[in-house]
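Now for the letters of each chain:
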Amino acid sequence: MSNRKKVLRDHVKAIIVFFILCVLTLCFAAALPERYACAAEGESYANGSLNKDGKLKLAITVEKSELDEELQDGEAFKAYVNTIVKFINSSSKDNDMVVLKGIGESASSYKVSVATRRLNSNFAGLGDFGWSPLYKFIAPESDTYMRLALMAAGNLRCTLAKPFDGIAGQVQIEAGADKNEVYIKPVDVAANREITVEEFSAAGGAASKKHYITSFRIPDVRSISKVTVKLPGKVKFISSECVKVLSSDTVEIVPVTLKANVNRQEYVLDENGEPVKDASGVTVTRPVVERDKEISCLFGYVAYEHSPDYALIAVLCVLGAGLVVFVVLGFVKHWFAKFFGIAPKLKIQEQGEEDNEGTR
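The structure presented is a predicted model; accordingly, all values stated were derived computationally and were not measured. (Residues numbered from 1 in each chain as written. Predicted model: local features only at pLDDT ≥ 70, side-chain atom pairs only at ≥ 80, totals over all residues. Heavy atoms only, no water.)

### Description of the overall build of the protein
At step 1: The helix and strand tally for the protein stands at eight helices and 16 strands.
At step 2: For the protein, buried positions account for 39% of its 360 residues.
At step 3: Across the protein, the fraction of contacts at a sequence separation of at least 24, relative to all contacts at a separation of at least 6, is 68%.
At step 4: Carbon together with sulfur atoms contributes 55% to the accessible area of the protein, which is approximately 20500 Å² in total. (Helix = DSSP H or I, 4+ residues; strand = E, 2+ residues; numbered from the N terminus. Buried < 20%, exposed > 50% of the residue type's maximum accessible area, 1.4 Å probe, protein only. Contact = heavy atoms within 4.5 Å. Areas by Shrake-Rupley, 256 points an atom, 1.4 Å probe, with all protein chains shown as cover.)

Okay, structure coming up:
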(Lines give C-alpha, C1' and ligand atoms only; values in the text may rest on other atoms or scores of the structure.)
Protein backbone atom coordinates (compact mmCIF):
# COMPACT_ATOMS: atom_id res chain seq x y z
CA MET A 1 0.00 0.00 0.00
CA SER A 2 1.32 3.42 -0.88
CA ASN A 3 2.26 6.01 1.75
CA ARG A 4 -0.34 8.35 0.31
CA LYS A 5 -3.11 5.79 0.90
CA LYS A 6 -1.90 5.08 4.45
CA VAL A 7 -1.92 8.78 5.30
CA LEU A 8 -5.40 9.24 3.86
CA ARG A 9 -6.74 6.23 5.79
CA ASP A 10 -5.13 7.46 9.03
CA HIS A 11 -6.80 10.83 8.48
CA VAL A 12 -10.14 9.13 7.87
CA LYS A 13 -9.77 7.12 11.11
CA ALA A 14 -8.95 10.28 13.06
CA ILE A 15 -11.95 12.11 11.61
CA ILE A 16 -14.26 9.18 12.41
CA VAL A 17 -13.01 9.14 16.03
CA PHE A 18 -13.60 12.92 16.24
CA PHE A 19 -17.07 12.41 14.80
CA ILE A 20 -17.90 9.80 17.49
CA LEU A 21 -16.59 12.06 20.25
CA CYS A 22 -18.80 14.91 18.98
CA VAL A 23 -21.85 12.65 19.06
CA LEU A 24 -21.05 11.43 22.59
CA THR A 25 -20.51 15.01 23.78
CA LEU A 26 -23.83 16.10 22.31
CA CYS A 27 -25.69 13.19 23.94
CA PHE A 28 -24.00 13.79 27.31
CA ALA A 29 -24.80 17.52 27.24
CA ALA A 30 -28.44 16.83 26.45
CA ALA A 31 -28.68 14.38 29.37
CA LEU A 32 -27.24 16.72 32.00
CA PRO A 33 -29.79 17.50 34.72
CA GLU A 34 -30.70 21.03 35.80
CA ARG A 35 -29.89 21.55 39.46
CA TYR A 36 -31.76 23.85 41.77
CA ALA A 37 -31.54 24.75 45.42
CA CYS A 38 -34.20 22.97 47.46
CA ALA A 39 -36.58 24.91 49.67
CA ALA A 40 -36.80 24.20 53.35
CA GLU A 41 -39.43 21.69 54.43
CA GLY A 42 -42.87 23.22 54.80
CA GLU A 43 -42.36 25.97 52.23
CA SER A 44 -44.10 26.31 48.89
CA TYR A 45 -41.73 27.21 46.07
CA ALA A 46 -41.24 27.07 42.32
CA ASN A 47 -38.42 26.05 39.98
CA GLY A 48 -38.36 27.16 36.38
CA SER A 49 -36.38 27.87 33.26
CA LEU A 50 -36.66 30.70 30.75
CA ASN A 51 -35.73 29.90 27.16
CA LYS A 52 -34.23 32.22 24.55
CA ASP A 53 -37.68 33.02 23.15
CA GLY A 54 -38.85 34.42 26.50
CA LYS A 55 -41.09 31.44 27.29
CA LEU A 56 -41.18 30.07 30.82
CA LYS A 57 -41.53 26.53 32.15
CA LEU A 58 -42.40 26.37 35.82
CA ALA A 59 -42.89 23.61 38.39
CA ILE A 60 -44.69 24.89 41.49
CA THR A 61 -44.61 22.86 44.70
CA VAL A 62 -47.45 23.78 47.06
CA GLU A 63 -47.48 22.44 50.62
CA LYS A 64 -50.90 21.12 51.63
CA SER A 65 -50.47 22.52 55.13
CA GLU A 66 -50.45 26.04 53.66
CA LEU A 67 -53.76 25.61 51.81
CA ASP A 68 -57.32 26.09 52.98
CA GLU A 69 -58.76 22.86 54.32
CA GLU A 70 -61.06 22.23 51.35
CA LEU A 71 -58.11 22.50 48.90
CA GLN A 72 -56.18 19.77 50.69
CA ASP A 73 -58.43 17.32 48.85
CA GLY A 74 -56.74 16.34 45.58
CA GLU A 75 -59.77 16.66 43.31
CA ALA A 76 -60.73 20.04 44.80
CA PHE A 77 -57.20 21.33 44.31
CA LYS A 78 -57.08 20.17 40.67
CA ALA A 79 -60.43 21.84 39.99
CA TYR A 80 -59.16 25.05 41.60
CA VAL A 81 -55.96 25.09 39.49
CA ASN A 82 -57.91 24.42 36.29
CA THR A 83 -60.26 27.30 37.17
CA ILE A 84 -57.32 29.69 37.59
CA VAL A 85 -55.68 28.61 34.31
CA LYS A 86 -59.00 28.92 32.47
CA PHE A 87 -59.55 32.39 33.93
CA ILE A 88 -56.09 33.61 32.84
CA ASN A 89 -56.50 32.27 29.31
CA SER A 90 -60.05 33.59 28.85
CA SER A 91 -59.08 37.01 30.26
CA SER A 92 -56.11 37.09 27.86
CA LYS A 93 -58.41 36.16 24.95
CA ASP A 94 -56.26 33.15 24.09
CA ASN A 95 -56.23 29.48 25.03
CA ASP A 96 -52.51 28.89 25.56
CA MET A 97 -51.17 31.88 27.51
CA VAL A 98 -50.69 29.39 30.32
CA VAL A 99 -50.73 25.65 29.57
CA LEU A 100 -51.23 23.23 32.44
CA LYS A 101 -48.77 20.37 31.89
CA GLY A 102 -49.73 18.29 34.90
CA ILE A 103 -50.60 18.12 38.59
CA GLY A 104 -48.79 15.64 40.82
CA GLU A 105 -49.59 14.82 44.42
CA SER A 106 -47.57 13.47 47.35
CA ALA A 107 -48.54 12.95 50.98
CA SER A 108 -47.61 16.53 51.91
CA SER A 109 -47.72 18.61 48.73
CA TYR A 110 -48.90 19.17 45.16
CA LYS A 111 -46.65 19.83 42.19
CA VAL A 112 -48.15 21.93 39.39
CA SER A 113 -46.27 22.08 36.07
CA VAL A 114 -47.10 24.89 33.64
CA ALA A 115 -45.67 26.50 30.52
CA THR A 116 -46.29 30.05 29.33
CA ARG A 117 -46.25 32.03 26.14
CA ARG A 118 -43.53 34.64 25.66
CA LEU A 119 -43.40 36.87 28.73
CA ASN A 120 -44.15 40.04 26.77
CA SER A 121 -47.62 38.66 26.01
CA ASN A 122 -50.76 39.94 27.70
CA PHE A 123 -51.12 37.72 30.77
CA ALA A 124 -54.39 39.17 32.05
CA GLY A 125 -55.00 38.22 35.65
CA LEU A 126 -51.40 37.36 36.50
CA GLY A 127 -50.04 40.83 37.13
CA ASP A 128 -47.59 42.48 34.78
CA PHE A 129 -44.70 41.00 32.80
CA GLY A 130 -42.12 42.36 30.38
CA TRP A 131 -39.48 40.74 28.17
CA SER A 132 -37.45 42.47 25.47
CA PRO A 133 -33.95 43.38 24.30
CA LEU A 134 -32.31 45.42 27.05
CA TYR A 135 -31.51 48.44 24.87
CA LYS A 136 -35.21 48.86 23.98
CA PHE A 137 -36.51 48.33 27.49
CA ILE A 138 -34.18 50.86 29.11
CA ALA A 139 -34.23 53.52 26.36
CA PRO A 140 -34.91 56.94 27.99
CA GLU A 141 -37.96 57.58 25.79
CA SER A 142 -39.64 54.25 26.70
CA ASP A 143 -42.49 53.75 29.16
CA THR A 144 -40.53 50.97 30.84
CA TYR A 145 -37.64 53.37 31.57
CA MET A 146 -40.08 55.64 33.40
CA ARG A 147 -41.43 52.67 35.35
CA LEU A 148 -37.93 51.69 36.50
CA ALA A 149 -37.19 55.31 37.43
CA LEU A 150 -40.33 55.48 39.57
CA MET A 151 -39.55 52.15 41.23
CA ALA A 152 -36.04 53.35 42.06
CA ALA A 153 -37.57 56.46 43.66
CA GLY A 154 -39.89 54.32 45.80
CA ASN A 155 -43.04 54.95 43.77
CA LEU A 156 -44.61 51.52 43.21
CA ARG A 157 -48.10 52.86 42.46
CA CYS A 158 -50.00 50.52 40.13
CA THR A 159 -53.25 48.59 39.75
CA LEU A 160 -52.85 44.93 38.86
CA ALA A 161 -55.41 42.29 37.96
CA LYS A 162 -55.60 39.28 40.24
CA PRO A 163 -58.13 36.41 40.32
CA PHE A 164 -59.58 35.38 43.68
CA ASP A 165 -61.19 31.93 43.61
CA GLY A 166 -61.48 32.26 39.85
CA ILE A 167 -63.27 35.62 40.01
CA ALA A 168 -61.63 38.76 38.64
CA GLY A 169 -60.26 41.16 41.22
CA GLN A 170 -57.78 44.01 41.55
CA VAL A 171 -54.83 44.87 43.74
CA GLN A 172 -54.04 48.57 44.10
CA ILE A 173 -50.57 49.38 45.37
CA GLU A 174 -50.08 52.96 46.48
CA ALA A 175 -47.03 55.19 46.66
CA GLY A 176 -45.62 57.09 49.59
CA ALA A 177 -43.44 56.40 52.60
CA ASP A 178 -46.51 55.90 54.82
CA LYS A 179 -47.62 52.98 52.62
CA ASN A 180 -44.65 51.29 50.96
CA GLU A 181 -41.15 52.56 51.61
CA VAL A 182 -39.49 50.19 49.15
CA TYR A 183 -36.88 51.37 46.65
CA ILE A 184 -36.21 48.99 43.77
CA LYS A 185 -32.94 50.02 42.12
CA PRO A 186 -30.73 48.42 39.43
CA VAL A 187 -27.70 46.43 40.56
CA ASP A 188 -24.61 45.79 38.42
CA VAL A 189 -23.83 42.14 39.20
CA ALA A 190 -20.19 42.22 38.03
CA ALA A 191 -19.44 45.35 40.08
CA ASN A 192 -21.65 44.16 42.97
CA ARG A 193 -23.15 47.60 43.54
CA GLU A 194 -26.33 49.57 43.03
CA ILE A 195 -26.33 51.96 40.10
CA THR A 196 -28.63 54.75 38.99
CA VAL A 197 -31.32 54.26 36.38
CA GLU A 198 -29.34 56.65 34.15
CA GLU A 199 -26.26 54.43 34.45
CA PHE A 200 -28.40 51.39 33.76
CA SER A 201 -29.81 53.06 30.66
CA ALA A 202 -26.32 53.94 29.41
CA ALA A 203 -25.09 50.38 29.98
CA GLY A 204 -28.18 48.97 28.26
CA GLY A 205 -27.73 51.29 25.29
CA ALA A 206 -24.12 50.17 24.87
CA ALA A 207 -24.90 46.48 25.32
CA SER A 208 -25.09 44.06 22.43
CA LYS A 209 -28.38 42.81 21.03
CA LYS A 210 -27.76 39.56 22.90
CA HIS A 211 -28.71 41.30 26.16
CA TYR A 212 -32.32 40.80 27.28
CA ILE A 213 -34.37 41.76 30.31
CA THR A 214 -37.44 40.25 31.93
CA SER A 215 -39.48 42.23 34.44
CA PHE A 216 -42.39 41.26 36.67
CA ARG A 217 -44.97 42.73 39.03
CA ILE A 218 -46.99 39.87 40.53
CA PRO A 219 -49.31 40.68 43.44
CA ASP A 220 -50.31 38.39 46.31
CA VAL A 221 -48.30 35.21 45.72
CA ARG A 222 -49.67 33.78 48.98
CA SER A 223 -47.50 30.99 50.39
CA ILE A 224 -44.86 30.91 47.63
CA SER A 225 -41.57 31.53 49.44
CA LYS A 226 -39.29 31.71 46.41
CA VAL A 227 -39.01 31.10 42.68
CA THR A 228 -35.75 29.79 41.24
CA VAL A 229 -35.24 30.49 37.52
CA LYS A 230 -32.51 29.26 35.21
CA LEU A 231 -31.82 31.82 32.48
CA PRO A 232 -30.54 31.25 28.92
CA GLY A 233 -27.40 33.27 29.62
CA LYS A 234 -25.22 35.09 32.12
CA VAL A 235 -26.86 37.41 34.65
CA LYS A 236 -25.71 41.02 34.15
CA PHE A 237 -28.12 43.22 36.14
CA ILE A 238 -30.79 42.56 38.77
CA SER A 239 -33.19 44.62 40.85
CA SER A 240 -32.14 45.45 44.39
CA GLU A 241 -35.34 43.92 45.77
CA CYS A 242 -36.71 40.41 45.28
CA VAL A 243 -33.82 39.03 43.18
CA LYS A 244 -30.72 37.13 44.34
CA VAL A 245 -28.00 35.64 42.14
CA LEU A 246 -27.39 31.93 42.81
CA SER A 247 -24.98 31.28 39.95
CA SER A 248 -23.90 32.85 36.68
CA ASP A 249 -27.18 31.85 34.99
CA THR A 250 -29.60 31.24 37.86
CA VAL A 251 -31.52 33.64 40.08
CA GLU A 252 -33.79 33.28 43.07
CA ILE A 253 -36.83 35.56 43.27
CA VAL A 254 -38.25 36.11 46.75
CA PRO A 255 -41.37 38.07 47.74
CA VAL A 256 -41.44 41.55 49.23
CA THR A 257 -44.26 42.55 51.58
CA LEU A 258 -46.33 45.52 50.37
CA LYS A 259 -49.47 47.25 51.59
CA ALA A 260 -52.30 47.24 49.09
CA ASN A 261 -56.02 47.78 48.67
CA VAL A 262 -57.58 44.52 47.54
CA ASN A 263 -60.84 44.61 45.61
CA ARG A 264 -62.42 41.21 45.10
CA GLN A 265 -65.69 39.33 44.95
CA GLU A 266 -66.75 36.53 47.26
CA TYR A 267 -69.56 34.02 46.92
CA VAL A 268 -72.73 34.53 48.95
CA LEU A 269 -73.40 31.37 50.99
CA ASP A 270 -76.64 30.01 52.39
CA GLU A 271 -77.18 28.62 55.90
CA ASN A 272 -75.67 25.30 54.79
CA GLY A 273 -72.52 26.96 53.48
CA GLU A 274 -73.47 26.40 49.83
CA PRO A 275 -73.19 29.16 47.15
CA VAL A 276 -76.46 30.99 46.49
CA LYS A 277 -77.70 31.17 42.88
CA ASP A 278 -80.10 33.67 41.38
CA ALA A 279 -83.21 32.87 39.32
CA SER A 280 -81.13 32.37 36.16
CA GLY A 281 -78.77 29.95 37.89
CA VAL A 282 -75.81 32.35 38.20
CA THR A 283 -73.83 32.17 41.44
CA VAL A 284 -74.34 35.31 43.50
CA THR A 285 -71.29 37.28 44.64
CA ARG A 286 -70.72 40.42 46.67
CA PRO A 287 -67.86 42.94 46.62
CA VAL A 288 -65.19 42.90 49.31
CA VAL A 289 -62.65 45.68 49.86
CA GLU A 290 -59.63 45.14 52.09
CA ARG A 291 -57.63 48.30 52.70
CA ASP A 292 -53.95 48.48 53.57
CA LYS A 293 -53.68 44.71 53.53
CA GLU A 294 -50.14 43.34 53.70
CA ILE A 295 -49.51 40.94 50.82
CA SER A 296 -46.49 39.15 49.40
CA CYS A 297 -45.53 40.38 45.93
CA LEU A 298 -42.83 39.72 43.36
CA PHE A 299 -41.57 43.05 42.00
CA GLY A 300 -38.30 43.29 40.07
CA TYR A 301 -36.29 42.46 36.96
CA VAL A 302 -33.31 40.51 35.65
CA ALA A 303 -31.09 41.39 32.68
CA TYR A 304 -28.87 38.75 31.10
CA GLU A 305 -26.69 38.09 28.07
CA HIS A 306 -27.60 35.14 25.87
CA SER A 307 -25.00 32.38 26.03
CA PRO A 308 -23.73 30.61 22.92
CA ASP A 309 -25.99 27.74 21.90
CA TYR A 310 -23.65 24.86 22.74
CA ALA A 311 -26.12 22.26 21.52
CA LEU A 312 -26.24 23.98 18.12
CA ILE A 313 -22.45 24.23 18.09
CA ALA A 314 -22.21 20.50 18.84
CA VAL A 315 -24.68 19.72 16.05
CA LEU A 316 -22.68 21.85 13.61
CA CYS A 317 -19.48 20.08 14.69
CA VAL A 318 -21.13 16.73 14.07
CA LEU A 319 -22.43 17.82 10.67
CA GLY A 320 -19.07 19.36 9.77
CA ALA A 321 -17.20 16.24 10.82
CA GLY A 322 -19.63 14.10 8.86
CA LEU A 323 -19.12 16.25 5.77
CA VAL A 324 -15.34 15.97 6.10
CA VAL A 325 -15.60 12.18 6.47
CA PHE A 326 -17.82 12.03 3.38
CA VAL A 327 -15.44 14.17 1.30
CA VAL A 328 -12.30 12.28 2.36
CA LEU A 329 -13.92 8.89 1.78
CA GLY A 330 -15.18 10.16 -1.56
CA PHE A 331 -11.66 10.86 -2.73
CA VAL A 332 -10.20 7.68 -1.20
CA LYS A 333 -12.89 5.51 -2.76
CA HIS A 334 -12.86 7.49 -6.03
CA TRP A 335 -16.54 8.39 -5.59
CA PHE A 336 -15.88 11.79 -7.20
CA ALA A 337 -13.45 10.56 -9.86
CA LYS A 338 -15.98 10.34 -12.65
CA PHE A 339 -17.54 13.68 -11.69
CA PHE A 340 -14.17 15.50 -11.82
CA GLY A 341 -12.97 13.53 -14.86
CA ILE A 342 -9.86 12.16 -13.11
CA ALA A 343 -10.64 8.44 -13.16
CA PRO A 344 -8.10 7.57 -15.92
CA LYS A 345 -5.30 9.44 -14.13
CA LEU A 346 -6.03 7.68 -10.83
CA LYS A 347 -6.06 4.28 -12.52
CA ILE A 348 -2.75 4.97 -14.31
CA GLN A 349 -1.20 6.29 -11.07
CA GLU A 350 -2.36 3.28 -9.04
CA GLN A 351 -1.12 0.87 -11.75
CA GLY A 352 2.26 2.60 -11.73
CA GLU A 353 2.50 2.34 -7.94
CA GLU A 354 1.64 -1.39 -8.08
CA ASP A 355 4.30 -1.96 -10.80
CA ASN A 356 6.89 -0.18 -8.69
CA GLU A 357 6.03 -2.31 -5.68
CA GLY A 358 6.34 -5.46 -7.83
CA THR A 359 9.86 -4.61 -8.99
CA ARG A 360 11.18 -4.05 -5.47
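### Digging into the pairing of strand 16 (residues 285-306)
At step 1: Sheet topology places strand 10 (residues 211-218) next to strand 16; eight bridges connect them, and they run antiparallel. Bridge pairing in strand 16 places Ser 215 opposite Tyr 301.
At step 2: Where strand 15 (residues 256-267) lies against strand 16, 11 bridges are found, and the strand directions are antiparallel. Note that in strand 16 the partner of Thr 257 across the bridge is Ser 296. (Pairing = 2+ DSSP bridges.)

### Quick word on the sheet that holds strand 11 (residues 224-230)
At step 1: Within the open sheet, the seven strands sit side by side as 3-4-2-1-11-14-13. Their pairing is mixed. Every other strand in the sheet has two partners, leaving strand 3 (98-105) and strand 13 (243-247) as the edge strands with one partner each. When the angles between neighbouring strand axes are averaged without regard to direction, this sheet yields 20°.
At step 2: Of the strand pairs in this sheet, strand 3 and strand 4 (residues 109-118) are connected by seven bridges, and their pairing is antiparallel. Its bridge partner lying in strand 4, Ile 103 is registered against Val 112.
At step 3: This element, helix 2 (residues 74-91), spans strand 2 (55-63), strand 3 and strand 4 of the sheet and lies at about 170° to strand 3. (Axes fitted to C-alpha atoms, helices over the stretch in contact; angles between N-to-C directions.)

### Section: helix 2
At step 1: In a regular helix each residue adds 1.5 Å, so 18 residues correspond to 26 Å; helix 2 covers 26 Å between its end C-alpha atoms and thus fits that length.
At step 2: Buried within helix 2 are the following residues: Gly 74, Phe 77, Val 81, Ile 84, Val 85, Phe 87, Ile 88 and Asn 89.
At step 3: On its buried face, helix 2 is in contact with strand 2, strand 3, strand 4, strand 6 (158-164) and strand 7 (167-173).
At step 4: At the N-terminal boundary of helix 2, the capping side chain belongs to Asp 73, with an oxygen 3.3 Å from the backbone nitrogen of Glu 75. (Expected span 1.5 Å × (residues − 1). Polar contact = N/O pair within 3.5 Å; in protein donor to acceptor, adjacent residues only side chain to side chain.)

### Observations concerning helix 4 (residues 143-152)
Since the α-helix turns once every 3.6 residues, residues separated by three or four places project in the same direction.
At step 1: Listed as buried for helix 4 are Thr 144, Tyr 145, Leu 148, Met 151 and Ala 152. For helix 4, the arc enclosing every buried residue in end-on projection is 125°, short of the 170-degree limit, so these residues lie on one face.
At step 2: Taken together, the buried residues of helix 4 touch helix 3 (134-137), helix 5 (197-206) and strand 16.
At step 3: Where helix 4 terminates, the next one or two residues include Gly 154, which has phi positive at roughly 90°. (Arc of directions from axis to C-beta.)

### Digging into the nonpolar core
At step 1: Counting 66 residues, the largest nonpolar core has Ile 173 and Phe 200 as its most contacted members.
At step 2: When residues of this core are assigned to their parent elements, the largest contribution, eight residues, is made by strand 16.
At step 3: Residues in contact with Ile 173, not counting those within four places in the same chain, are Leu 156, Arg 157, Cys 158, Asn 180, Leu 258, Lys 259, Ala 260, Cys 297 and Phe 299. (Core = buried A, V, L, I, M, F, W, Y, C linked by side-chain atoms within 4.5 Å.)

### Re the packing of aromatic side chains
At step 1: Under the criterion given, the structure shown has four aromatic pairs.
At step 2: Residues Phe 77 and Tyr 110 carry aromatic rings whose centres are separated by 3.9 Å and whose planes lie at 5° to one another, so their mutual orientation is stacked. Note that Phe 77 is positioned in helix 2 and Tyr 110 in strand 4, a separation of 33 residues in sequence.
At step 3: On the accessibility criterion, Tyr 110 (0% relative accessible area) is buried.
At step 4: Here Trp 131 and Tyr 212 contribute two aromatic rings whose centre-to-centre distance is 4.9 Å and whose plane-to-plane angle is 25°, an arrangement assigned as stacked. (Phe/Tyr/Trp six-rings, centres within 6.5 Å; stacked < 30°, edge-to-face > 60°.)

### A few points about the environment of Tyr 110
At step 1: Between the C-alpha atom of Tyr 110 and that of Lys 78, which follows or precedes it by 32 residues, the distance is 9.4 Å.
At step 2: In this view, Tyr 110 contacts Ile 60, Thr 61, Val 62, Lys 64, Leu 67, Leu 71, Gln 72, Asp 73, Gly 74, Phe 77, Gly 104 and Glu 105; residues no more than four positions away in its chain are not counted.
At step 3: Engagement of the side chain of Tyr 110 in a polar contact is seen with the backbone oxygen of Leu 71, the distance being 3.3 Å.

### Digging into the environment of Thr 116
At step 1: When you line up the elements, Thr 116 lands in strand 4.
At step 2: We classify Thr 116 as buried; its relative accessible area is 16%.
At step 3: Taking the C-alpha atoms as reference points, Thr 116 and Asp 96, separated by 20 residues in sequence, lie 7.4 Å from one another.

### Some points on the packing of helix 4 against helix 5
At step 1: In the contact formed by helix 4 and helix 5, the axes pass within 10 Å of each other and the chain directions differ by 145°. The handedness of the crossing between helix 4 and helix 5 comes out as right-handed. Contact residues: helix 4 offers Tyr 145, Leu 148, Ala 149 and Ala 152, while helix 5 offers Val 197, Glu 198, Phe 200 and Ser 201.
At step 2: Looking at the contact of helix 4 with helix 5 residue by residue, the classes come out as six nonpolar, one polar and one charged. (Left-handed = near helix turned anticlockwise from the far one by under 90°. Nonpolar A, V, L, I, M, F, W, Y, C, P; charged D, E, K, R; others polar.)

### A short note on the pattern of salt bridges
At step 1: Summed over the entire model, instances satisfying the criterion amount to 12 salt bridges.
At step 2: Glu 252 is the partner of Lys 226 in a salt bridge, and the nearest nitrogen-oxygen pair spans 3.5 Å. Of this pair, Lys 226 sits in strand 11 while Glu 252 is found in strand 14 (residues 250-253), placing the two residues 26 residues apart along the sequence. Each of the two residues, Lys 226 as well as Glu 252, counts as buried.
At step 3: Residue Lys 230 pairs with Asp 249 through a salt bridge whose shortest N-O separation is 2.8 Å. Of the two residues, Lys 230 sits in strand 11 while Asp 249 sits in the loop between strand 13 and strand 14, which places them 19 residues apart along the sequence.
At step 4: Put simply, Arg 264, Glu 266, Arg 286, Glu 290 and Lys 293 are held in one network by salt bridges that share partners. (Salt bridge = Lys/Arg side-chain N within 4 Å of Asp/Glu carboxyl O.)

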